[in-house]
Every structure is written in C-alpha cells, then in structure tokens.
Number of protein chains: 2
Amino acid sequence: MPQTTKNITAMANAIRALAMDAVQQANSGHPGAPMGMADMAVALWGRHLRHHPAQPLWADRDRFVLSNGHASMLIYALLHLSGYELSIDDLKAFRQMHSKTPGHPEVGVTPGVETTTGPLGQGITNAVGMALAEKLLATEFNRPGHAIVNHHTYAFLGDGCLMEGISHEAVALAGAWKLNKLIALYDDNGISIDGQVTPWFIDNTAQRFEACGWNVIGPVDGHDVDAVDGAITKAKLSADKPTLIVCKTHIGKGSPNRANTAKAHGEPLGGDEIKLTRETIGWEHDAFVIPDEVYADWNAKADGDILVADWNTRFEAYKALFPSEAAEFLRRMAGELPANFPEIAVEAVAAAHDKAETVASRKASQIALEFFTAAIPEMLGGSADLTGSNLTNTKSTPAFRVDETGAVVTTDGKPGRHINYGVREFGMAAIMNGVTLHGGYIPYAGTFLTFSDYSRNAIRMAALMKQRVIHVFTHDSIGLGEDGPTHQSVEHAASLRLIPGLDVWRPADTTETAVAWTIALANKHRPSALLLSRQNLPYAPKQDADVITQGAYVLAEPAEVGLKKKAVAVIIATGSEVQLALHAQAELAKRGVPVRVVSMPSTSVFDRQDVAYKKAVLPPKLPRVAVEAGVTDFWWKYGVDAVVGIDTYGESAPAGVLFKHFGLTPENVTATVLKVLAKKK
Amino acid sequence: MPQTTKNITAMANAIRALAMDAVQQANSGHPGAPMGMADMAVALWGRHLRHHPAQPLWADRDRFVLSNGHASMLIYALLHLSGYELSIDDLKAFRQMHSKTPGHPEVGVTPGVETTTGPLGQGITNAVGMALAEKLLATEFNRPGHAIVNHHTYAFLGDGCLMEGISHEAVALAGAWKLNKLIALYDDNGISIDGQVTPWFIDNTAQRFEACGWNVIGPVDGHDVDAVDGAITKAKLSADKPTLIVCKTHIGKGSPNRANTAKAHGEPLGGDEIKLTRETIGWEHDAFVIPDEVYADWNAKADGDILVADWNTRFEAYKALFPSEAAEFLRRMAGELPANFPEIAVEAVAAAHDKAETVASRKASQIALEFFTAAIPEMLGGSADLTGSNLTNTKSTPAFRVDETGAVVTTDGKPGRHINYGVREFGMAAIMNGVTLHGGYIPYAGTFLTFSDYSRNAIRMAALMKQRVIHVFTHDSIGLGEDGPTHQSVEHAASLRLIPGLDVWRPADTTETAVAWTIALANKHRPSALLLSRQNLPYAPKQDADVITQGAYVLAEPAEVGLKKKAVAVIIATGSEVQLALHAQAELAKRGVPVRVVSMPSTSVFDRQDVAYKKAVLPPKLPRVAVEAGVTDFWWKYGVDAVVGIDTYGESAPAGVLFKHFGLTPENVTATVLKVLAKKK
C-alpha cells in the first residue's frame, strides 16, 4: 500500500475529532483511549490490516479485536473512515437506542466488529481463540502452495485488560500454543480510572509476557506511526511466538488540559476543551466533518478489492485441486452442520435409547460425543485440566499439540481436537467465544459445574453475542460427594438458567443427554450448558425420545406404575432427581395416589414451546411438586406447590449419605406430594 | 527450636503415611500432593511456623494457607501431629459426614485451618489479604519497641493455583503493596490432572513473579528439608518484597508406581501400592499408627506455650503504656463493632430519613459511609478501579499507599483505608475474604454490578465461610444507560440472591441504603452485597425507618394516595423501581383502585422474618405484582401473579429511554395490576 502519500497526522486527528465529537454529542462515553490510540490505529489499519470494508465477513480477513472496548469510538471511527457500512449519521447516533454505534462494540450490530468487548480482559482472550482457530484451520485446510487460511489476529488492549486475571490465562495459553500470528498492541498510557496506575499496577509487562513465551517489542512511541508500523512488520516475522508491542501513549492525546489524566477516560471533554483540542492538533473542520482527502487516505476498499480478488483466485485454484476440502471449508466457515447431522443425531439418540444404560450423565455425554465427534470434524473439545473427569475427550479427538517450531502436530494430516486448557476456566470460556467468532469450529469444553462461577461472564458474553459454545459442566450438585461444599454446585443450575439466551440442560439419563447434545449442536446462535452427574444415573424408561427436544415431557403416567386413574399431581424433576421422582411415583401408587412424572431437562427450551404443549405437560389444575438437588427459588415460576431441594451449602461425605441427609429421597418426595394434596383438599 | 535432634525423614513420612491411609480409608481424595509437599511442610511447620496448637486463634500467630486445598490431608496431618484438637479418629473420618476432616479444608470446621480452600487460586489470594491486614494492623497498632503485630503469612500453592487468572491479580497486588511478610512456597511438580503440564503450562514462574515485584528463591529441592528451611530463612529477611520459593518436588513422592504421575493426584493409591510405598520409604507402622517419637518431634505445644507467653508479656507491657490501643486491638481482633455502633447507625439512618434527599443510591451509600467510616476505624474500603463511580471512598478513608521501602504511608499515624485494587474484581473479593479471616478489619469494596460475575466464586466463598465482607455493586441494571448490555446487570440481582448465606440489598433511597449498611456491618457472620443505582432515585417517604430492617415492609397504603379503601392488590418493588410502584399506586388510585406498595430491599432478610410478619406485609389473599428491572424468574417465589421486569439483555441508550423501551413505566405497572385484578374476578 502506498504509504508515503498519506497524511498520517490528519488520519489520526480524524479519529481524535470523531471520538471527541461523538462523545460530546452523546454526552457520555470515553474519548481518552481512542485519542491516545489514534496513531497506533493509523499504523495498523492504514498499513497492515488485510480486510475489505465491503466484505466484512471475508473468510481470510485479519481479525481485529478492541479489547479495551470502552474505546469504542476508535473502532467506529476506523470502520467509518475505511469504508464500512457505517455512516457519519451512525456516528452521530453514538450510544443511542438501536444505533449501530452502541456504548461498547457489539458483534452483529456493527459490520466489522469481530467481538463484543467491554468486560475487560475478555477481548484479548477472544483474540487468542481466534488465533487458535486460524492456526488449526490453516493446518487442516491449507495444502502446499495453497494457503487459503493465512491471516493475523490483532488486538489493542490497555492497562485494565492486563490487570484482569483472565489476561494471564490468555497470555499463558497463547505462549504455550505458540500463536505467532497473534499480535497485541498495548496502549501503555500509565492511567486507569483511579489515576496514575503506579500504586496498584507495577507489573513489568514485557517481562511478564516473556515469561509466558511471548515475543515482546518496544516500548515504542505509540504516537510515532512509523515506529508502530515497524514494530508490526517485525512482529509478523515471528515464527513461533505471539507478539506484544508495548506502545507508550498519552491518554487523551491532543487535549491540552485532559491529556494524561484519568479525567480523559470516561466523560466528554466539553465544548471549550474540544475547541482548544482542535486548535492544538490543527484540526479546522467542524464536528463530524472529515475532508475528502482524509477519507481518501483512509479508504480501504480498493485495497480490499485486490485482497479479496486475489484470495478468490487462489481459492478457485484450491477448489479445482481439492474440491471436497473447498466445499468443506465453506460449510465450516458458514457454521452449517454436516448434511448428515440429522441422521447422526438420530443414531446417537437411538443408540442411547436402545441400550438404556445406567451410567453417569458425564459418561452418557462422552458416549454421545463419540458419535458426534466422529461425524462432525469441526467439533473442538477440551477441558480445564479435568479431561478424565469431564469425559469431553473421545476416540476422534486426540490432544491438540504444537511442536517446537510452533507447527501443529498432526495425525493423518489432522490437528488434534482436544484442547488441554489447563486450570483456566474463564480463559477457556472466552477462548471458546473467540474460536466460534472466528468460525470453522464448534468449541465445547468441560470443568466442574461449581467452577462455572469462574467463567460466568464469558458464558454470558456468548449468550449476548448469540454464539454456539457448549459448556460441559460435570460433577453436578451433592452427587459429587466427598469433595464437599466448595465443589458442590447447589445454586449453579438455577443461576445459569437466569442468563438470558443460554440453554441449560440437566439431563436424567443417556437419551436425554444425547438429545441435549443434539440441540446444543443445532443451536447455531445460542450457547448451551450441559450439567452432568459424576454418579451413575439409572435409565429412565420412555416410549419416545423425540419429545425430549421440547425441554420437558411426560416421562411416566400413573399407568406406568399400574394405576388406571388419572394423575392427581405432577412431580417435576431434572437430572439425577428424576429417579427419585419415579420412585416416589411408585411409592404413591402403592398408596393409590396416581401422579405424573415430568422430566424437565431444559427449562428454557420448555419455555419456548407453545401454550398448548405446556398445558399438556403441566395441566393447570394439577398440583405440582418440583425436585432438584439445588436451591429451590427458581422452581416457583412453574406454579409449583412445593419444592424438594437444598437451600444451604452441601457437605463432604459420600453421595448416598448426602442425598439422605438433605432429604432428597423418594420418601421425602412422597411425603411432600401427600402434604400438598392434603392441603389442596 | 532444636532442629538437629529431630528425625525429619520420619516426620515427613508420617505425613505421607497419614495421607495415603486416610485417602484409602475414605476411598476418595488426593494423596499425591500431600506426599509431594511433606518435606516442605517439615521445613515450614517443623522449623519456622510460629503458632500454638492449644491456641489456634492467638492473634499474632503466623497464618498458613494451603492454596492447593485438595491436598487437605497435608494440613490435617500437620494439625494432628503438631497437637491441635484433631485426633487420629478425626483423620480416620476423613471426608465423612460432619467430620472435622472434610474433603477440602474448611475454616470454622477444623481448628488451625485459616481459610476454606479448594477453588484454585483463591487461597493464595486470601493469603495476600491476610498479609495486607497484618501490614496495616502493624502500622496502626505497633509502637516503637512494641511490635504486638508481627507475623508472617505462608502459603503453599501448586501449578493449578498459578494457572488460574486470579493468581495474577493476587501476585500483582502483593508486589505493588510490598508485602514482605508473605512467603509462598510453590510445589513445582510438573504434573496436573491432565498429565505433564508442559503442553499447557510453559510459564517461567520465577520470571513472572519477578515481573510483579517479588523476591524469588530457588528452585530448591523441595524434598531437601534443609534447603527449604534455608530458603524460608532467607525469605524472612526480605524487607520490601513478598517471596516465592520454588520447590521442585515429585507428586506422590515415595510411591514407587504412582510418583510423578497424574494418577497420584486424585485417587487412593490402593492397598498394594500403599504396602510398596511403606517399604520404599521405610515406614513400618500400621495404618494410622504414628510412633511416639514422631509425635514428639512434631509436637508444637511447648514451643507454642513459649511463643504465646512471650507475646502475652509483651502485650501486657503494651497495654500498660497504651491502654486504649490495647483495648481497641482486642475489640478489633474479636470482630466486635465499637460500643457506640447503635448510635452511629441511628444517626446515619435518621440523617437520611430527615434529609429525604433525591440522590443515586451509590451516593446514598457514600453519605452513609461518611458516618460509618468516621466512627468505625476498622472499615477498610476500596474499589476495582472505579472509586469515583462506586463512591466507596470517604473523607475518613485516604488511599492506602506504601513508600519505596515498603512502609505504609501514614497520616497522623494512621495508614490509608481505601484500597485501589486496580481492575481486579475477583482478586479484590478474595483478598477481602483474607482480610476478614485475618481479623482486625471489615473490608468493603466496589465495582459495577455486572462484574460481580468476575468475583462470584469469592462472594460464594465468603458466604460459605460465614465472613463479613461487604460488596458495593453500583451501576445496577439498565439505569446504567449508555454503556450498554455488557454493563447492564439484568440477571445479577436475582442470581446473587441464589447464593446461600449472602444478604443482597437493593435499596430504593437514602434511608434504605443507610439501613442496608447498618445490617451489613452488624452481620458478623454473613457477607452482604449492596446493589446501587448510578442514577438519582427520589426519596420514598416513609413513617418509620426501623421497619426496613425486616427486609421488606409496607411503604405506602392506599391512604397515602387519598383512598380510604383497603388495598385490593400489592405491588412489590425494589430499588429504582419503587418509584414506579408509587407512581402506579397513584395512577390506580385515580381509577379508584386501592393498592399497597411493598418495598423489599432484601429478600433474604425478609425471608428470615416470622410468618406473622410476612403475612402482614403480603396478605395471603391479595394478588401481587412484582416490579424489578431484571429477570423475572426469581419473583415467583413470592406468589406473585405477574412480574414486570426484563428477560433479555439491555441496550445502549440513555437510561430514561431504556426504562420506557423495556416497559418499566408506571403505565405498564398500572396496566399489569389491572390485568391481574381482572383475571382474579
């Protein structure tokens, strides 16, 4: 790209002007960071980033992540200036209802935004996931002389991201995985919201990254475009390490009174200071006015046309030689499941249903995964150092490894598909978000359900971003046994169900588990969490497995236990407690009390069914008792009359002892149903 | 202490034997880590730790934290052997119901256990909190020649703790605060559950700690007691840095077939291997049999007597010279509030009630904090880099700072009491747990409510441990406005309420906020979370502030809006939505419909009231509508007929626009009440 003719000062000042004007117009926002990173952005976006504003979803584009998402006006300015579908009117609507320029960047809302950022530390972790996906896809699909996957992942990040613990998890894994095409630019301005960072942030960041196997360049003057440009050029040469470029900057650069102060961070500069800043930086244009020559210098469409045309040509050549790989690549990047997915799903569910095995639901999950991972090559498994406990690995998913040169180790030309994330639950979840955002893979991984607390905000982010990420949370509730209350997830099922847009499954047996996997995989725009038992669960006999797809269903009518009467009450149960419900049903039958057992593996899926189905499963006039080994508050939404559950922490003891201790017994469920019926009379 | 006469090999092997025997007896647990750390434990507990088994709560004892809590048999063995109230029968009951030896160490259950560990990374972070408390207390109470506070905090930690992101937050702050009396011993065995760690853990840990301002010693041979002993001696000389001692060890040391394998981690060795191990290490005693001479070598009571007697003498001398400081120290360490706390509380609540100001509840919190922090010197505030937003600072709480030598900066002899935690929410929460476990301070600190997700497991741990930690979560829900859905906490109020043992407050105005603070401070054995608004909230006029202490109360009967009829429905509201309820009540009154408004700032506190009070507030026969700007699922437990809330993510726009968009308006509440009443007819 012809660099010499561009007015880089004006390019950077255009960002500064748009940032301060948009924040001023919104009367809220963060001008300091975009103003401080403007020159870094000129270096990266003006000289390196391979993208096409007219084709924001081009498969081989470089990925750019703004990890310090509060600097959203930086990316909005860049997208606007370089020619994306983001007009000056969109910028004027910064932070307004339903605009394309929300307070923090949101994927799916603004073309060119690759991930939703704002919760600090997660953007750089998403970027690690994107770079991992690129490395794996390149290994899987590229052929000698045909590098159809070959792009960089860039991230801007600030002090805040580096203070967050998740950044350590991301940095450590990027180093271990030798993600050499990941280049992070650190906006090192020495200021965070509470002021000059030295009393609370003394990290030698360069040394810290080196300790995790990174290549570190700098510090460079982050306001010297050529210096940053040179550092990026050098970073791209790294063959076996990710690179951090430390860019020394001034927050609010250009503002005479706000630069280098925390005040530049999170509030409008004000009319007077904006005027002063315009004078100081020599920007004579009115608010939201960008001269044509600056637009021309920024516009990336012509370059984008060339890049995409070149890639298209190369992809055609690839396709000619490797037609099935090319088709597969396009399918994978589109996020479409293999054409035979429905048959695979039927097979997995039918196998479970036919065998009717008594196994732990974590084992049921592995059995289902054997089917799915064999048939769906994009499934990318993993565990936060609990592989043998979560059972997320299968015969089809050897471990992902890189060799000393940084190359991915392959077996029959295929990279490993089980990621050992180490003890890094939050990092794992946010990396999975990055993997799915990149495209080409469906990530899933495991930890103990209790530690969903650690990854909770990344689960939320997947739901907010509508991304298919599948969390396998095993060792559910007190069935975990002796590890005790720190590891027993009494409130987690209920609290995960509160996350909007997340499907939570707590299956009762092998068939429900296989169905849960089927729906989770088919849900292209929704994350799922599968809550699975450590302990064996007896098979819950059922006529029909299809009905499980509705989230809740009638598992057993009184007829199943030999009563010809219609049910007078409903027991709703999930997971390991479905067997208690069935035992209670039998016990009640002995006393002549006919009850229906409803298994409800997924409340959110059930909630999406039509009213008629819901009423058919839970007849409005029948009293209801819910049974779940967890906090009871959640269940009242289903109009229950009583809940058998646990509203305290667990204890350390064998599982059988605990179920008795906490009253999760058929006897107690029976007694509760009888009490409810007595009251209703 | 006389070292040369002790049989250190036998001392270490006693730990190994107890660990493998207890795990075998329980048929579950983790033998590998205690066997691997046995020699490190001999060095620390046998030669350095200043404690007294007969007085486990002696104020100036060294603190010991087993951050890798799965190695619980290490600490149980140590407590038993050194003479704590933990019998061999207690060890035989390892992991059994109601034993003193649960699967992971639990504070309050086992004498000598300082904190509950198991969720990795939090133990070392608790240790940072303990060391912080020690440093602050020493600054506050010691006088020249009278160092009544002068102890170390030791932590053992493993690879898992170091992989967790929170360890980065803890390490960074310990370095920034120059906690020179914090000494961490790293059990560097190169094995985690998934196997040899090299593919997923390549950190140069020493370099990483040095990058954060730590003194690093080693690697030393972790099985060479003298080497570890020497390293600890050296570490204690550090004047201005915390110390990490890297101890190279073998997991499962002593077991011929399991040592150095992941299999040693989490399952019993089995009878045969235990036999082989006994032979290999030369331990000829039966299971759970420890020879008297080994007990004698381990017993720390005689030394403890001397240490405590010496301290008592020194404390008496201190008391003679500084009687009020001595009394204050004892009060503070006992966790008792100042005698005039009730008056202060009345004053703070009355002031709020009298002024009846319209301010944001975060500001109301700061107003209350001005009273409380002025009167309660042990209140130790802070923020995760959002001080000016959370408003957790007051005139009485200057910032905590250390100078270049590591000394705490004082003003009039007092250290600062506002901690700038940086952008480290999880670390902040777990450090606060450590501070309160140490004693002497009541920690509270703020971040945005959304980021309670980041710290969630540490909040849970405070509740499980029954510790008084107060979380100030501001920028509640959509009232946050333009920062958008990443920052808007729609599900957080409900999901925090599900954590057993946590009091959640969502106050509606200044008086409710002052009462929330009062109860949070008075709750010695319970953490609290205060959910506070960014935006102004009008004062909700009330007769009586006392009734707020019951968690929910009748705020306004129909008479308040000029209707003489009895209420036909109840609107339950919290926080910012109480004003909506009051407006709806007025609107309904215009239509002749009398309704009661119940303000319910704390559901858990209300849940603890007696049935009569609950029925008085929520008469069983009246229909109920709940209003809260969050997910609706939670509210059904109160037998409501409808909930006005938000079951999706928020949006980026000004707060007023959002409340309208999401139907959180008096009109919608009014319509909902009318609809419910129409249905009931």
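Not measured: the values here are computed from a predicted model.

S.K.: How should the overall build of chain A be read in this particular structure?
M.R.: The helix and strand inventory of chain A stands at 25 helices and 22 strands. Taking 26 Å as the expected radius of gyration for a compact globule of 681 residues, we find that chain A reaches 28 Å, a close match to that expectation. Over its C-alpha atoms, taken along the principal directions, chain A stretches across nearly 90 × 60 × 45 Å. Within chain A, the proportion of its 681 residues that are buried is 69%. Placing the 63 positive and 73 negative side-chain charges of chain A at their respective mean positions leaves the two points 7 Å apart.

S.K.: Mind showing me how you'd approach the interface of chain B and chain A here?
M.R.: Many structure descriptions define interface size as the accessible area lost when the parts assemble. Between chain B and chain A, the residue contacts involve 98 residues of the former and 98 residues of the latter. For the pair chain B and chain A, the summed buried area comes to about 7900 Å², and 56% of that belongs to carbon and sulfur atoms. Looking at the side of chain B facing chain A, the largest losses of area belong to Tyr454(B), Arg460(B) and Tyr649(B), adding up to 10% of the total buried there. Seen at the junction of chain B and chain A, the total is 8 salt bridges.

S.K.: Is there a simple way to think about the domain arrangement of chain A in this case?
M.R.: All names here are of chain A. By domain assignment, chain A separates into domain 1 (5-304), domain 2 (341-537) and domain 3 (546-680). Taken together, the contact pairs 31 residues of domain 2 with 35 residues of domain 3. When domain 2 packs against domain 3, the two sides together hide about 2500 Å² of surface, and 60% of this comes from carbon and sulfur. Interface area lost by domain 2 to domain 3 is led by Ile478, Arg497 and Arg506, which between them contribute 27%.

S.K.: In this structure, what is going on with the environment of Pro398(B)? I would like to understand it.
M.R.: Residues and elements named next belong to chain B. Tracing the backbone shows Pro398 in the loop between helix H16 (387-390) and strand S10 (410-411). Separated by 287 residues in sequence, Pro398 and Pro111 place their C-alpha atoms 36 Å apart. Contact partners of Pro398, with chain neighbours within four places excluded, come to Gly416, Arg417 and His418.

S.K.: Got a minute to help me understand the relation of the copies chain B and chain A in this structure?
M.R.: Between the two copies of this chain, the relationship is a rotation about some axis together with a displacement along it. In screw terms, the move from chain B to chain A is a rotation of 180° and a rise of 0.0 Å along the axis, fitting with an RMSD of 0.0 Å. Here the transformation between the copies is reduced to the relation of a two-fold axis. Relative to the rotation axis, the closest C-alpha in chain B is found at Gly165(B), a distance of 1.9 Å.

S.K.: Is there a simple way to think about the UniProt feature "binding site: thiamine diphosphate" (unreviewed entry) in chain A in this case?
M.R.: In this numbering, the UniProt entry assigns the feature "binding site: thiamine diphosphate" (unreviewed entry) to His70(A), Gly118(A), Pro119(A), Leu120(A), Gly160(A), Asn189(A), His265(A) and Phe451(A). Sequence-wise these annotated residues cover 382 residues; spatially they are dispersed, their C-alpha atoms as much as 34.1 Å apart. Residues in contact with Gly118(A), not counting those within four places in the same chain, are Gly69(A), His104(A) and His487(B). According to the relative accessible area criterion, His265(A) is buried, its value standing at 14%. Not counting residues within four places of it along the chain, the set of residues in contact with His265(A) comprises Gly29(A), His30(A), Pro31(A), Gly32(A), His70(A), Ile193(A) and Ile251(A).

S.K.: Sorry, what's going on with the packing of helix H12 (residues 301-321) of chain A against helix H13 (residues 323-334) of chain A here?
M.R.: In a pair of packed helices, the angle between the axes and the distance between the axes together describe the arrangement. Residue and element names in this part refer to chain A. Their axes nearest at 5 Å, the elements H12 and H13 cross at an angle of 130°. The orientation of H12 relative to H13 falls into the category oblique. Across the interface between the two elements, Trp311, Phe315, Tyr318, Lys319, Ala320 and Leu321 from H12 touch Pro323, Glu325, Ala326, Phe329 and Leu330 from H13. Its residues placed into classes, the contact of H12 with H13 shows 9 nonpolar, no polar and 2 charged.

S.K.: Would you take a moment to explain the UniProt feature "binding site: Mg(2+)" (unreviewed entry) in chain A for this structure?
M.R.: Residues and elements named next belong to chain A. According to UniProt, the "binding site: Mg(2+)" (unreviewed entry) feature falls on Asp159, Asn189 and Ile191. Judged by maximum C-alpha separation, these annotated positions cover 33 residues in sequence but sit close together in space, the widest gap being only 7.8 Å. Within the secondary structure layout, Asp159 lies in helix H6 (residues 159-163). Its relative accessible area of 3% is what places Asp159 among the buried residues. Apart from the residues within four sequence positions on either side, Asp159 is in contact with Tyr186, Asp187, Asp188, Asn189, Gly190, Ile191, Val197 and Phe201.

S.K.: Explain the sheet that holds strand S7 (residues 243-248) of chain A to me, please; I cannot follow it from the model alone.
M.R.: Where strands meet in a sheet, backbone hydrogen bonds hold them as pairs that are either parallel or antiparallel. Residues and elements named next belong to chain A. On the basis of which strands lie adjacent, the open sheet formed by 5 strands has the order S1-S2-S3-S7-S6 and parallel pairing. Each edge of the sheet is formed by a strand with only one pairing partner; in this case those strands are strand S1 (63-66) and strand S6 (215-221). The mean angle between the axes of side-by-side strands here comes to 15°, regardless of whether they run parallel or antiparallel. Contacts between helix H5 (residues 122-141) and the sheet are confined to S1, strand S2 (153-158) and strand S3 (182-188), with S2 contributing the most and set at about 165° to the helix.

S.K.: I'm lost on helix H7 (residues 165-176) of chain A in this one. Help?
M.R.: What sets the pattern is the α-helix's 3.6 residues per turn: residues three or four places apart point alike. Residues and elements named next belong to chain A. Under the 1.5 Å per step criterion, the end-to-end length of H7 is 17 Å for 12 residues, consistent within 8% with the ideal 16 Å. The buried count for H7 comes to 12 of 12 residues, which makes it a mostly enclosed element. Lys178, located one to two residues past H7, shows a positive phi value of around 55°.

S.K.: Whenever I open this one, the packing of aromatic side chains confuses me. Can you help?
M.R.: Centre distance and the angle of the planes are the two values used to describe a pair of aromatic rings. Considering all chains together, one arrives at 46 aromatic pairs over all chains under this definition. Ring geometry for Tyr318(A) against Phe322(A): centres 5.3 Å apart, planes inclined by 50°, an arrangement best described as tilted. Owing to a relative accessible area of 0%, Tyr318(A) belongs among the buried residues under this scheme. Between Phe64(B) and Phe156(B), the ring centres sit 5.1 Å apart and the planes meet at 80°, which makes this aromatic pair edge-to-face. With Phe64(B) in strand S1 (residues 63-66) and Phe156(B) in strand S2 (residues 153-158), this pair connects stretches of sequence that are 92 residues apart. Neither residue differs from the other here; Phe64(B) and Phe156(B) are each classed as buried. Aromatic ring contacts, followed pair by pair, group Trp58(A), Phe141(A), Trp311(A), Phe315(A), Tyr318(A), Phe322(A) and Phe329(A) into a single cluster. In this structure, Arg497(B) is placed above the aromatic ring of Phe634(B), and the distance from its NZ or CZ to the ring centre is 4.9 Å.

S.K.: How do you make sense of the pattern of salt bridges when you look at a structure like this?
M.R.: Oppositely charged side chains may form a pair once their charged atoms are brought near each other. Enumeration according to the criterion identifies 69 salt bridges over all chains in this entry. Residue Arg47(A) pairs with Asp226(A) through a salt bridge whose shortest N-O separation is 2.7 Å. Of this pair, Arg47(A) sits in helix H2 (residues 32-47) while Asp226(A) sits in helix H9 (residues 225-235), and the two are 179 residues apart along the sequence. Of the charged contacts, one joins Asp483(A) and Arg95(B) as a salt bridge, the two residues approaching to 2.5 Å between their closest N and O atoms. Here Asp483(A), found in the loop between strand S14 (470-474) and helix H19 (492-497), pairs with Arg95(B), found in the loop between helix H4 (88-92) and helix H5 (122-141), and the two come from separate chains. Of the residues examined, Arg95(B) reaches a relative accessible area of 2% and is grouped as buried. Through salt bridges with shared partners, a single ionic network connects Asp476(A), Arg497(A), Arg506(A), Glu577(A) and Glu628(A).

S.K.: Would you mind showing me how to read the side chain of His418(A) here?
M.R.: Residues and elements named next belong to chain A. Tracing the backbone through its elements, the reader meets His418 in strand S12 (residues 418-420). A residue is classified by how much of its surface remains accessible, and His418, at 3% relative accessible area, is buried. Sequence-distant contacts of His418, that is, excluding residues within four places in its chain, are made with Gly381, Gly382, Ser383, Thr387, Thr392, Asn393, Thr397, Pro398, Ala399 and Phe400.

S.K.: Could you clarify how one ought to interpret the sheet that holds strand S21 (residues 624-627) of chain A in this entry?
M.R.: All names here are of chain A. The strand order S18-S20-S19-S21-S22 describes an open sheet built from 5 strands, whose pairing is mixed. Bordering the open sheet on either side are strand S18 (553-556) and strand S22 (642-644), each of which pairs with just one other strand. In this sheet, adjacent strand axes meet at a mean angle of 30° when their direction is disregarded. Strand direction decides the pairing type here: strand S19 (residues 569-573) and strand S20 (residues 595-599), joined by 5 bridges, are parallel. Directly across from Ala569, in S20, lies its bridge partner Val595. Those strands touched by helix H21 (residues 578-590) are S18, S19, S20 and S21, and its axis lies near 170° from that of S20. Strands S19, S20, S21 and S22 of the sheet are contacted by helix H25 (residues 666-680), whose axis makes an angle of about 175° with S22.

Conventions and cut-offs
- Residues numbered from 1 in each chain as written.
- Chains lettered and ligands numbered in written order.
- Predicted model: local features only at pLDDT ≥ 70, side-chain atom pairs only at ≥ 80, totals over all residues.
- Heavy atoms only, no water.
- Helix = DSSP H or I, 4+ residues; strand = E, 2+ residues; numbered from the N terminus.
- Rg over C-alpha atoms; globule rule 2.2 N^0.38 Å.
- Buried < 20%, exposed > 50% of the residue type's maximum accessible area, 1.4 Å probe, protein only.
- Lys, Arg positive; Asp, Glu negative; His and termini not counted.
- Charge placed at Lys NZ, Arg CZ, Asp CG, Glu CD.
- Contact = heavy atoms within 4.5 Å.
- Buried area = accessible area lost by both parts, 1.4 Å probe.
- Salt bridge = Lys/Arg side-chain N within 4 Å of Asp/Glu carboxyl O.
- Domains from an automatic or database assignment.
- Least-squares fit on C-alpha atoms with pLDDT ≥ 70 in both.
- UniProt positions renumbered as here; feature names shortened; annotations may be inferred.
- Axes fitted to C-alpha atoms, helices over the stretch in contact; angles between N-to-C directions.
- Parallel < 35°, antiparallel > 145°, perpendicular 65-115°, else oblique.
- Nonpolar A, V, L, I, M, F, W, Y, C, P; charged D, E, K, R; others polar.
- Pairing = 2+ DSSP bridges.
- Expected span 1.5 Å × (residues − 1).
- Phe/Tyr/Trp six-rings, centres within 6.5 Å; stacked < 30°, edge-to-face > 60°.
- Lys NZ or Arg CZ within 6 Å of the ring centre and 35° of its normal.

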